[in-house]
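Analysis of the macromolecular model
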Amino acid sequence: MHQSRIDLLKITQVSDVQLEKGQEILNGTLHLTVHNLIFNHTEGELWIPYPIIHTVERKPPSLQSGRHPLTIRCRDFLIVTLALLKDGEAQDVFDSIQKLTCINSTEQLYAYSYQPCTPFTSTDGWKIYDPLQEYARMGVGSKTDAWRFSTINRGYSYSPTYPRTLIVPTKISDNVLNYAAKYRSKARIPALSYLHWHNMATITRSSQPMVGFKQARSIQDEKLIEAIFASNVPTAPNGQTVYGSTAANMIVDARPMANAMGNVARGAGTENMDNYRNCKKIYIAVDNIHVMRDSLAKMSEAMQGTDNNGQVNRAGLVRSNWLKHIGTLIEGTLAIVKNIHVYNSHVLVHCSDGWDRTAQLVSISELCLDPYYRTLRGIQILIEKEWISFGHKFADRCGHLSNEKYFVNLANTGGNAATNTIKDMQNKFYKSNYYQKETSPVFHQFLDCVYQLLQQFPTRFQFNEQLLIDLHYHVYSCQFGTFLFNCESERTNHHPQSKTYSLWDYINSNSEKYINDMYDPKKDLDLVDGGGVLFPEYSDIQYWGGLFNRQQDEFLDPVMYNSGSALEGPL
């Protein structure tokens, strides 16, 4: 990690500490600073920022060494055990880490104190994404006049979780948008995400419609979607739209069909296709955030070999269903990419609120469709646009401010240790139940899907796997201000640009670390290779061993995804 001058100030120092990491045992000195746990040893230093800590477990003293162990599990899947000589030292360190980790204010996060030891050579990170420039690059206002920039959300009062700048069909007035907002959850109306360079077909995104038991409809919502789907349709000499040239227009509901229908009881649901002209609908069947959280926990345990003497538990990996979920996302991506590039048609993507599964499918599809997003700068702009600006809830999904981090004391310090542990866990559960329910590896799954694309198309990406690993690390490290908030309006209100550093400045100042030596941009010009478009194979995927510091051969043969299609539809 990039070290900070601020952490030269130490709060606690403990000498003669043993650190166990895998099969490696190191002796050194433990320092607890304001924002980092630092372990100094003869071969170097290990830095662990507190936000990346997931659990700390204090265990009874070792029968062999007599030392008092603290096992720390991190969100980047690092596991270390600190063994201290004295019981009192172990308890003090345990209490100090808990106090420094569990915070309740964004301004207490590491990013607000971090100062790089060496100034960054790149300094435009906070300005790297300009929606006017990016959509102009796609062709809005130059290749087509079917789209316009709307300022209806300039104060974030129209839709608090949406971007300030929305791109909507030119034919649709802001007055129509005001009515359409009432029909979409959180007023997250269908808005432009991507305009395809090849044929002006589009990817738009939204939240679910508010259908309910009464099967409510909105003429304005229907007009908006009709205008989107007609945005690249030719017109006859008399000005009438010529239908049939984009016969495969598609609404993609990212949820399993049963889940979508279940939302009807909450006043929401999915589109009644009798009301939407010239299109079809499919369900991608991506499971919800709770299923994904449980799946990651099972995969992590299997990867770390918790119950298998440190060896990868292959059966546990299969039971986690992680590759099944990744395969579903890749399969959904393929359907979207084909619809846009091959069938010259439009796609509207939504899930429930449109900030988790929608962000995954839209951004992975854009990576496949547009070679620009496969450059080092391009993927930064893609993440800023589809994840940060469109309101993925990084603070909630990553648990930045939650007390979800469990601190479990198994050492018998008087009374029954098991009873104390149960009470401790119960207290943590009740205090953090809401936050735990909100956490989920949504962005992690996006990065995993990008990893799959890198494996399938190793010459088509300017960046390498190390970029993905570092992105995963810094989503949780809270070292930079880039991923601290739930939406653009929150970021605007906190104004981290003046108080924190952008992760993009760190990455672009060290760009040589992230360049893929196999990158061949000429292939994006070759029609034999898809003419710049990637068509991923959802049956050819594998576990991302590098994220867990595992070699691929530890899984034997790559584990393939062969559970059949996850698509439900068209309807």
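Residues numbered from 1 in each chain as written. Predicted model: local features only at pLDDT ≥ 70, side-chain atom pairs only at ≥ 80, totals over all residues. Heavy atoms only, no water.

1. A closer look at the pattern of salt bridges
- Overall, the coordinates contain 23 salt bridges when judged by the stated rule.
- Close ionic contact of Asp124 with Arg377 constitutes a salt bridge, the shortest N to O distance being 2.9 Å. Pair noted here: Asp124 is in the loop between α1 (87-101) and α2 (131-138) and Arg377 is in helix α10 (residues 376-389), with a separation of 253 residues, a long-range link.
- Look at Asp124 and you get partly exposed, because its relative accessible area is 28%.
- Residue class for Arg377 comes out partly exposed when judged on its relative accessible area of 36%.
- For Glu271, the salt bridge is made with Arg184, and the minimal N-O distance between the two is 3.1 Å. (Salt bridge = Lys/Arg side-chain N within 4 Å of Asp/Glu carboxyl O. Helix = DSSP H or I, 4+ residues; strand = E, 2+ residues; numbered from the N terminus. Buried < 20%, exposed > 50% of the residue type's maximum accessible area, 1.4 Å probe, protein only.)

2. Regarding α1
- For α1, built from 15 residues, the straight-helix expectation of 21 Å at 1.5 Å per residue is met to within 8% by its first-to-last C-alpha distance of 21 Å.
- Listing the buried residues of α1 in full gives Ala90, Gln91, Val93, Phe94, Ile97 and Thr101. Down the axis of α1, the smallest arc covering the buried residues is 165°, so these residues share one side. (Expected span 1.5 Å × (residues − 1). Arc of directions from axis to C-beta.)

3. Points about the layout of surface pockets
- Of the volumes computed, that of the largest pocket is approximately 1500 Å³.
- Forming the boundary of the largest pocket are 43 residues, of which Lys21, Phe77, Leu78, Ile79 and Asn549 lie nearest the centre.
- When the residues that make up the lining of the largest pocket are grouped by side-chain class, the tally is 17 nonpolar, 15 polar and 11 charged.
- When its volume is computed, the second largest pocket comes out at roughly 770 Å³.
- In terms of lining residues, the second largest pocket is bounded by 31 residues, among which His54, Thr55, Leu296, Ala297 and Ser300 are the most central.
- Those elements giving two or more residues to the lining of the second largest pocket turn out to be β5 (53-58), β6 (68-74), α6 (289-304), α11 (394-398), β15 (406-409), α12 (417-438) and α14 (465-477).
- Per element, the largest residue contribution to the lining of the second largest pocket is seven residues, and it comes from α6. (1 Å grid on protein atoms, 1.4 Å probe; cavity = no way out; pocket = protein on both sides within 12 Å on 5 of 7 lines; lining within 4 Å. Points joined across faces, edges and corners; volume = space filled by probe spheres on them. Nonpolar A, V, L, I, M, F, W, Y, C, P; charged D, E, K, R; others polar.)

4. Description of the environment of Phe213
- For Phe213, the position within the fold is in the loop between β11 (202-206) and α4 (219-229).
- Under the relative-accessibility criterion, Phe213 is labelled exposed at 68%.
- Distance in space between the C-alpha atoms of Phe213 and Ala265 is 6.5 Å, their sequence separation being 52 residues.
- Residues within four places of Phe213 in sequence aside, it is in contact with Val264 and Ala265. (Contact = heavy atoms within 4.5 Å.)

5. Some details on empty space enclosed by the protein
- All chains considered together, the criterion is met by three cavities of 30 Å³ or more.
- The calculated volume of the largest cavity comes to roughly 50 Å³.
- Around the largest cavity sit Val286, Asp287, Asn288, Ile289, Met292, Asp356, Arg357, Gln360, Val442 and Gln445, which together line it.
- Elements represented by at least two residues in the lining of the largest cavity include exactly α6, α9 (357-369) and α13 (442-456).
- Counted by class, the lining of the largest cavity contains four nonpolar, three polar and three charged residues.

6. Remarks on α14
- If you check α14, its first and last C-alpha atoms are 18 Å apart, about what 13 residues at 1.5 Å a residue would give, namely 18 Å.
- Counting buried residues in α14 gives 10 out of 13 residues, a clear majority hidden from the surface.
- Residues of α14 that are buried: Leu467, Leu468, Asp470, Leu471, His472, Tyr473, His474, Val475, Tyr476 and Ser477.
- With a side-chain oxygen positioned 3.2 Å from the backbone nitrogen of Gln466, the residue opening α14 is Asn464. (Polar contact = N/O pair within 3.5 Å; in protein donor to acceptor, adjacent residues only side chain to side chain.)

7. Here's the deal with the confidence of the model for the chain
- Looking at the chain, pLDDT values average 90 and 88% of them are 70 or higher.
- Across residues 414-423, where pLDDT falls below 50, the model places seven contacts with residues more than four positions away in sequence or in other chains. (pLDDT = per-residue confidence, 0-100.)

8. Some thoughts on unusual backbone geometry
- If you check the backbone angles, Cys478 has positive phi at about 60° while not being a glycine.
- In this fold, Cys478 is placed in the loop between α14 and α15 (488-494).
- Unusually for a residue other than glycine, His495 sits at a positive phi of about 45°.
- With respect to the helices and strands, His495 occurs in the loop between α15 and α16 (503-509).
- The class for His495 is partly exposed, based on a relative accessible area of 41%.

9. Examining the side chain of Ser206
- Of note, Ser206 is situated in strand β11.
- For Ser206, the side chain forms a polar contact with the side chain of Arg184, separated by 3.3 Å.
- In contact with Ser206, not counting residues within four places along its chain, are Tyr162, Arg184, Arg188, Ile189, Pro190, Leu348, Val349, His350, Cys351, Gly354 and Thr358.

10. A word on the nonpolar core
- Counting 147 residues, the largest nonpolar core has Ile383 and Phe483 as its most contacted members.
- Here Ile383 is in contact with Ile388, Phe443, Phe446, Leu471, Phe483 and Trp504, once residues within four sequence places are set aside.
- In this structure, Ile103, Cys478, Leu484 and Phe485 belong to the second largest nonpolar core, which totals seven residues. (Core = buried A, V, L, I, M, F, W, Y, C linked by side-chain atoms within 4.5 Å.)

11. Digging into the sheet that holds β11
- Strand order in the open sheet formed by five strands is β10-β11-β14-β12-β13, with mixed pairing between adjacent strands. Because the sheet does not close on itself, it has two edges, and the strands there are β10 (191-195) and β13 (280-283). Strand-to-strand twist in this sheet, taken as the mean axis angle between neighbours without regard to direction, amounts to 25°.
- Both β10 and β11 contribute to a ladder of four bridges, which runs antiparallel. Residue pairing across strands places Tyr194 opposite Ile203, the latter belonging to β11.
- Strands β11, β12 (250-253) and β14 (347-350) of the sheet are contacted by α4, whose axis makes an angle of about 135° with β14. (Pairing = 2+ DSSP bridges. Axes fitted to C-alpha atoms, helices over the stretch in contact; angles between N-to-C directions.)

12. Some points on the packing of aromatic side chains
- What the rule picks out here adds up to 21 aromatic pairs.
- Ring geometry for Phe94 and Phe407: centres 5.9 Å apart, planes at 80°, overall edge-to-face. Separated by 313 residues along the polypeptide, Phe94 in helix α1 and Phe407 in strand β15 bring together distant segments of the chain.
- Overall, the relative accessible area of 4% leaves Phe94 in the buried class.
- Residues Phe120 and Phe480 carry aromatic rings whose centres are separated by 6.4 Å and whose planes lie at 35° to one another, so their mutual orientation is tilted. In this pair, Phe120 sits in the loop between α1 and α2 while Phe480 sits in the loop between α14 and α15, placing the two residues 360 residues apart along the sequence.
- Clustering of aromatic rings is evident, with ring pairs tying together Tyr110, Tyr114, Phe120, Phe480, Tyr501 and Tyr506.
- Here the guanidinium or amino end of Arg137 rests over the ring plane of Tyr373, the centre of that ring lying 5.2 Å away. (Phe/Tyr/Trp six-rings, centres within 6.5 Å; stacked < 30°, edge-to-face > 60°. Lys NZ or Arg CZ within 6 Å of the ring centre and 35° of its normal.)

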